[in-house]
Amino acid sequence: MPDIAENLSEVLRKIQAACARTSRDQGSVELIAVSKTFPMESVRGAWEAGQLLFGESKLQEAESKIAALPSSLHWHFIGRVQSNKVRRLLQSFEVIHAIDSLKLASYTDEIAGELGLFPKVFLQVNLGDESSKGGFAPSLLRAEMEALLQLKRLEILGLMCIPPAAPDAESARPWFKLLAGMRDSLETEFGVNLPGLSMGMSGDYGVAIEEGATHVRVGSAIFGKRSYRVDEELG
Ligand SMILES: *Cc1c(COP(=O)(O)O)cnc(C)c1O
């Protein structure tokens, strides 16, 4: 097993450095340790090193980890949401990062009502118009924002993206800028507060923070290489 404690402190150091470069308070960035595909012992290792917030993208895998690990851990769902799993997702996760359509948002709102919950969510934006990925097309999100804001159970924290694969972190910067700009204009146009930006993964979280990320989703930089391709699962 890689040295998770060491990796974790390196990631935290880089987060701190990125915050310092842009005069941001380190407390304004949440590190989500993405433990999908990694075993329970890996999560435990990160927890013992002080990490409390974890991200998972497969419900069943997550449920068994959540049940077996201490209840002081916090869990965010970062994967693609299937509507037949919404009820269970709401019961296990504090935040859902990839609400990707008005239909799914409405359904989530309805189930939240049945469960008596007020879930926190991000709206995923498909910035690169990639058919392999979920998310609102930018123009559609604007068109549907009013209706999304009517869903009284959902607390919309902000926007989330998984930008097109880039050869290096710098190449991802324009996508992060784009998401931050969209957030700013939605706030102005609709008079709402959308404080959250869920963006940045192992290869580019430093750049994402420079562009305003509030939630970075970092897996392999903490837990090591995943043993199988997960690109297909990406939101
Ligand atoms: C797997 C995954 C990540 C983490 O990716 P790494 O490159 O391992 O940091 C982040 N976000 C989403 C949506 C993911 O599925």
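An account of the accompanying structure is given in this report. (Residues numbered from 1 in each chain as written. Predicted model: local features only at pLDDT ≥ 70, side-chain atom pairs only at ≥ 80, totals over all residues. Heavy atoms only, no water.)

Considering helix 1 (residues 4-21)
End to end, helix 1 covers 26 Å across 18 residues, agreeing with the expected 26 Å (1.5 Å per residue, within 8%). Among the residues of helix 1, Ile4, Leu8, Val11, Ile15, Ala18 and Cys19 are the ones counted as buried. Summarising the axial view, the buried residues of helix 1 lie within an arc of 100°, below the 170-degree limit, and thus occupy one face. Of the residues in helix 1, the exposed ones pointing more than 90 degrees away from the buried face are Glu6, Ala20 and Arg21. Buried residues along helix 1 sit in contact with strand 1 (30-34), helix 2 (40-48), helix 8 (205-210), strand 8 (215-218) and helix 9 (220-223). N-capping of helix 1 is provided by Asp3, with a side-chain oxygen placed 3.3 Å from the backbone N of Ala5. Two residues or fewer after helix 1 comes Ser23, characterised by a positive phi angle close to 50°. (Helix = DSSP H or I, 4+ residues; strand = E, 2+ residues; numbered from the N terminus. Expected span 1.5 Å × (residues − 1). Buried < 20%, exposed > 50% of the residue type's maximum accessible area, 1.4 Å probe, protein only. Arc of directions from axis to C-beta. Contact = heavy atoms within 4.5 Å. Polar contact = N/O pair within 3.5 Å; in protein donor to acceptor, adjacent residues only side chain to side chain.)

Examining the environment of Ala46
Inspection of the secondary structure puts Ala46 in helix 2. Along the sequence, Ala46 and Ile222 sit 176 residues apart, while their C-alpha atoms lie 8.2 Å from each other. Discounting residues that sit within four places of it in the chain, Ala46 has contacts with Ile4, Leu8, Gln51, Phe54 and Phe223.

Observations regarding the site of the ligand
Taken together, twelve residues lie near the ligand, and Lys36, Ser202, Gly219, Ser220 and Arg226 sit nearest. Between the ligand and Lys36, the relevant distance is 2.6 Å, taken from an oxygen atom to a side-chain nitrogen or oxygen of the residue. In this structure, a nitrogen atom belonging to the ligand sits 2.8 Å away from a side-chain N or O atom of Arg217. Bound to the protein, the ligand loses 94% of the 390 Å² it would expose on its own. Here the shell around the ligand is composed, by residue class, of six nonpolar, three polar and three charged. (Near = heavy atom within 4 Å. Areas by Shrake-Rupley, 256 points an atom, 1.4 Å probe, with all protein chains shown as cover. Nonpolar A, V, L, I, M, F, W, Y, C, P; charged D, E, K, R; others polar.)

Details of the packing of aromatic side chains
Tallied over the entire structure, the rule returns three aromatic pairs. On the numbers, 5.5 Å between centres and 35° between planes, the contact of Phe54 with Trp75 is tilted. Of this pair, Phe54 sits in strand 2 (residues 53-56) while Trp75 sits in strand 3 (residues 74-77); the two residues are 21 residues apart in sequence, bridging distant segments of the chain. Owing to a relative accessible area of 0%, Phe54 belongs among the buried residues under this scheme. Since its relative accessible area comes to 4%, Trp75 is described here as buried. Above the ring of Phe118, the side-chain terminus of Arg153 is found at 4.2 Å from the ring centroid. (Phe/Tyr/Trp six-rings, centres within 6.5 Å; stacked < 30°, edge-to-face > 60°. Lys NZ or Arg CZ within 6 Å of the ring centre and 35° of its normal.)

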